[in-house]
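Observations on the three-dimensional arrangement
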Amino acid sequence: MVKGRAQPMGLLKELFSKPVTAKDLKVKLHEVERERRKKMIEMRKLSSRQNSMVERIKQARKERNAIEVDYLWDELNQLKVDLAFHRREAKILNLEGTALKKYIRGIERLEKTKNKDGVEKLLKRIRESGLDAKLAEQHITEQEYMDELAAILSEVGLDTAELDE
């Protein structure tokens, strides 16, 4: 379970359980971007601690302090695990952000053409896709995620290349 959040994109699942507008999605996008920035800051802190720990290990080796080297080595290994965990969360947040941006652009484009059926079809397809669950459970690669996202958008007549602009 992700610290501070229920699960990745769990917020979107709640959001899509009711009628949604592009404005609602923009609010969620800001939340996701804020979370991503927090993760990046935390990763920088951990990376700095990791560099500091490597220097301390080097110093302990010079001093032939095996106990300190062993202790610091264990700490360094735990930091690597923490960094990997934060990297994974940041990647998920990036994918969530990308999906939200495309959903927003798609909904805005459909609303601009007054295609309410298209908006409803897109929202229904997003709800039924299960992309959020696959992402949360890590049962999907980044490329598979982007491919499914493109398929969802193309089903309602939206060209993903236009939405990337």
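It should be noted that the structure appears before, not after, this text.
Time to look at the nonpolar core. Counting residues in hydrophobic clusters, the biggest one holds 27 residues, and the most contacted among them are Leu25, Tyr103, Ile107, Leu122, Leu131 and Tyr145. When residues of this core are traced back to their parent elements, those giving at least two are α2 (22–62), α3 (66–112), α4 (116–129), α5 (131–136) and α6 (142–155). A total of nine residues in this core trace back to one element, the largest contributor, which is α3. When near neighbours in sequence (up to four residues on either side) are disregarded, Leu122 contacts Tyr103, Gly106, Ile107, Leu110, Ile152, Leu153, Val156 and Leu158. By size, the runner-up hydrophobic cluster in this structure holds 11 residues, among which are Met53, Leu72, Leu79 and Ala90.

Another aspect to go through is the packing of α3 against α4. Where α3 contacts α4, the axes come no closer than 9 Å and their chain directions differ by 155°. In terms of axis orientation, α3 runs roughly antiparallel to α4. When α3 is examined against α4, the residues Tyr103, Gly106, Ile107, Leu110 and Glu111 are found in contact with a partner set consisting of Gly118, Val119, Leu122, Leu123 and Ile126. When the residues that make up the contact of α3 with α4 are grouped by side-chain class, the tally is seven nonpolar, two polar and one charged.

Further remarks concern α3. Owing to its 3.6 residues per turn, the α-helix brings residues three or four apart onto one side. The terminal C-alpha atoms of α3 lie 68 Å apart, and with 47 residues this matches the ideal 69 Å at 1.5 Å per residue to within 8%. Where α3 terminates, the next one or two residues include Lys114, which has phi positive at roughly 55°.

Once that is clear, we can look at the packing of α3 against α6. In contact at an axis separation of 11 Å, α3 and α6 are set at 15° when each is read in the N-to-C sense. The angle between the axes of α3 and α6 places the two elements in the roughly parallel class. The two elements α3 and α6 meet at a crossing, and its hand is right-handed. The residues of α6 that touch α3, namely those facing Lys91, Leu95, Glu96, Thr98, Ala99, Lys102 and Tyr103, are Glu142, Tyr145, Met146, Leu149 and Leu153.

This model, assessed by the stated rule, comprises seven salt bridges. The closest approach of N and O atoms between Glu31 and Lys28, which form a salt bridge, is 3.5 Å. With Glu31 and Lys28 both in helix α2, this residue pair falls three residues apart, about one helical turn. Glu31 gets classed as partly exposed once you look at its relative accessible area, which sits at 25%. The exposure class assigned to Lys28 is buried, which follows from its relative accessible area of 17%.

What counts and how
Residues numbered from 1 in each chain as written. Predicted model: local features only at pLDDT ≥ 70, side-chain atom pairs only at ≥ 80, totals over all residues. Heavy atoms only, no water. Core = buried A, V, L, I, M, F, W, Y, C linked by side-chain atoms within 4.5 Å. Buried < 20%, exposed > 50% of the residue type's maximum accessible area, 1.4 Å probe, protein only. Helix = DSSP H or I, 4+ residues; strand = E, 2+ residues; numbered from the N terminus. Contact = heavy atoms within 4.5 Å. Axes fitted to C-alpha atoms, helices over the stretch in contact; angles between N-to-C directions. Parallel < 35°, antiparallel > 145°, perpendicular 65-115°, else oblique. Nonpolar A, V, L, I, M, F, W, Y, C, P; charged D, E, K, R; others polar. Expected span 1.5 Å × (residues − 1). Left-handed = near helix turned anticlockwise from the far one by under 90°. Salt bridge = Lys/Arg side-chain N within 4 Å of Asp/Glu carboxyl O.

Coordinates in, geometry out; function isn't part of it.
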